[in-house]
Amino acid sequence: MEKVSINGKLWKYQGPSAWYFLSSGKEHTKEIRKHQRNTAGWKSVSVRVTIGESTWNTSFFPTKEGPYLLPIKASVRKREGLDEGTRVRVVCVFI
């Protein structure tokens, strides 16, 4: 199984919904893109994510600017004590 570890700060989408994300950064974008499927419209990359004691399945989503976005679920943020600006380490296994 291929995986990627990303360290970064959580940020909150400044729109009508309260979504929180971690950006992939330039150093991981090429690796993630290798796993991209040409699915209808989104071109997302499925991963199993671990932060602390929490593990769940989600997807990276590409952006026009280049990096991929990894959504962080509210239940995980609460369980792990994460908020906007918190530095986190995530381990993502491509599925």
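This text goes with the structure placed above it.
Just so it is clear, the model here is predicted, and its values are computed rather than measured.

K.L.:
I would appreciate a short explanation of the packing of aromatic side chains in the present structure.
P.N.:
The description of an aromatic ring pair uses the distance of the two centres, along with the angle that the planes make with each other. In this structure the tally under the stated criterion is three aromatic pairs. A centroid spacing of 6.3 Å and a plane angle of 80 degrees characterise the contact between F60 and Y68, whose relative ring orientation is edge-to-face. An aromatic cluster is defined as three or more aromatic residues linked by ring pairs; in this entry it consists of W11, W19 and F21.

K.L.:
Hey, could you run me through the sheet that holds strand β5 (residues 54-62) in this one?
P.N.:
Within a sheet, each strand pairs with its neighbour through backbone hydrogen bonds, oriented either parallel or antiparallel. Here seven strands make up an open sheet; going across it, the order is β1-β7-β4-β5-β6-β3-β2 and the pairing antiparallel. Pairing within the sheet leaves two strands with one partner each, and these edge strands are β1 (3-9) and β2 (11-12). Pairing of β1 with strand β7 (residues 87-94), which is carried by seven bridges, proceeds in the antiparallel orientation. Paired with K9 across the strands is R87, a residue of β7. In this fold helix α1 (residues 26-33) packs onto β1, β4 (45-51), β5, β6 (68-71) and β7, with an angle of close to 145 degrees to the strand it touches most, β1.

K.L.:
Which parts of the structure should I look at to understand α1?
P.N.:
For an α-helix, 3.6 residues make a turn, and residues three or four places apart therefore share a direction. Inspection of α1 places H28, T29 and I32 among the buried residues, and these make up the whole buried set. For α1, the angular spread of the buried residues around the axis is 120 degrees, confining them to a single face. More than 90 degrees from the buried face of α1, the exposed residues found are K26, E27 and K30. Summarising the contacts, the buried residues of α1 are in contact with β1, β4, β5, β6 and β7.

K.L.:
Got a minute to help me understand the environment of S75 in this structure?
P.N.:
Relative to the assigned elements, S75 resides in helix α2 (residues 74-80). Judged by its relative accessible area of 36%, S75 is partly exposed. For S75 and V88, which are 13 residues apart along the polypeptide, the C-alpha to C-alpha distance reads 15 Å.

K.L.:
Looking at this structure, I do not really get the pairing of β6. What am I missing?
P.N.:
Regular strands place their side chains on alternate faces of the sheet. In β6, alternate side chains face the same way, and those of Y68 and L70 on one face and L69 and P71 on the other are all buried. Sheet topology note: the strand β3 (residues 20-23)/β6 ladder contains three bridges and is antiparallel. Pairing of L22 across the sheet is with L70, part of β6. Bridge analysis of β5 against β6 gives two bridges, and the strand direction is antiparallel. Residue pairing for β6: P62 is matched across the bridge by Y68. In textbook terms, the turn of a hairpin is the stretch between consecutive antiparallel strands, and for β5 and β6 this stretch comprises five residues, one of which, G66, has a positive phi near 130 degrees.

K.L.:
Even after reading the chapter, I still don't get the nonpolar core, so can you show me in this structure?
P.N.:
The nonpolar side chains of a soluble globular protein tend to be buried, and buried together. In terms of nonpolar packing, the biggest core is built from 20 residues, with V49, F60, L70, V90 and C92 touching the most fellow members. Looking at this core, the elements that each hand over two or more residues are β1, β4, β5, β6 and β7. Excluding residues within four positions of it along the chain, V90 makes contact with V4, S5, I6, L22, V49, T50, I51 and L70.

Criteria and cut-off values
- Along each chain, residue indices are assigned from 1 in the same order as the chain's sequence is written.
- Only residues with pLDDT of at least 70 are given local features in this predicted model, and only at 80 or more are side-chain atom pairs given and counted; all residues enter the totals for whole chains, interfaces and linings.
- To get the side-chain values, take all heavy atoms of the structure and skip hydrogens and water.
- Any two of the Phe, Tyr and Trp rings considered here, Trp counted by its six-membered ring, make a pair once their centres fall within 6.5 Å; the pair's planes then place it as stacked at under 30 degrees, edge-to-face at over 60, or tilted in between.
- Should DSSP find at least two bridges between two strands, the strands are regarded as paired.
- Helix and strand definitions follow DSSP, with helices as H or I runs of at least four residues and strands as E runs of at least two, each counted in order from the N terminus.
- By definition, residues are in contact when any of their heavy atoms lie within 4.5 Å.
- Only the stretch in contact is used when fitting a helix axis, every axis being a line fitted to C-alpha atoms; angles between N-to-C directions are given from 0 to 180 degrees.
- Residue exposure (1.4 Å probe, protein chains only): buried if accessible area is under 20% of the type maximum, exposed if over 50%, otherwise partly exposed.
- The directions from the helix axis to the C-beta atoms form the arc being described.
- Buried Ala, Val, Leu, Ile, Met, Phe, Trp, Tyr and Cys residues form a nonpolar core when they are joined through side-chain atoms within 4.5 Å.

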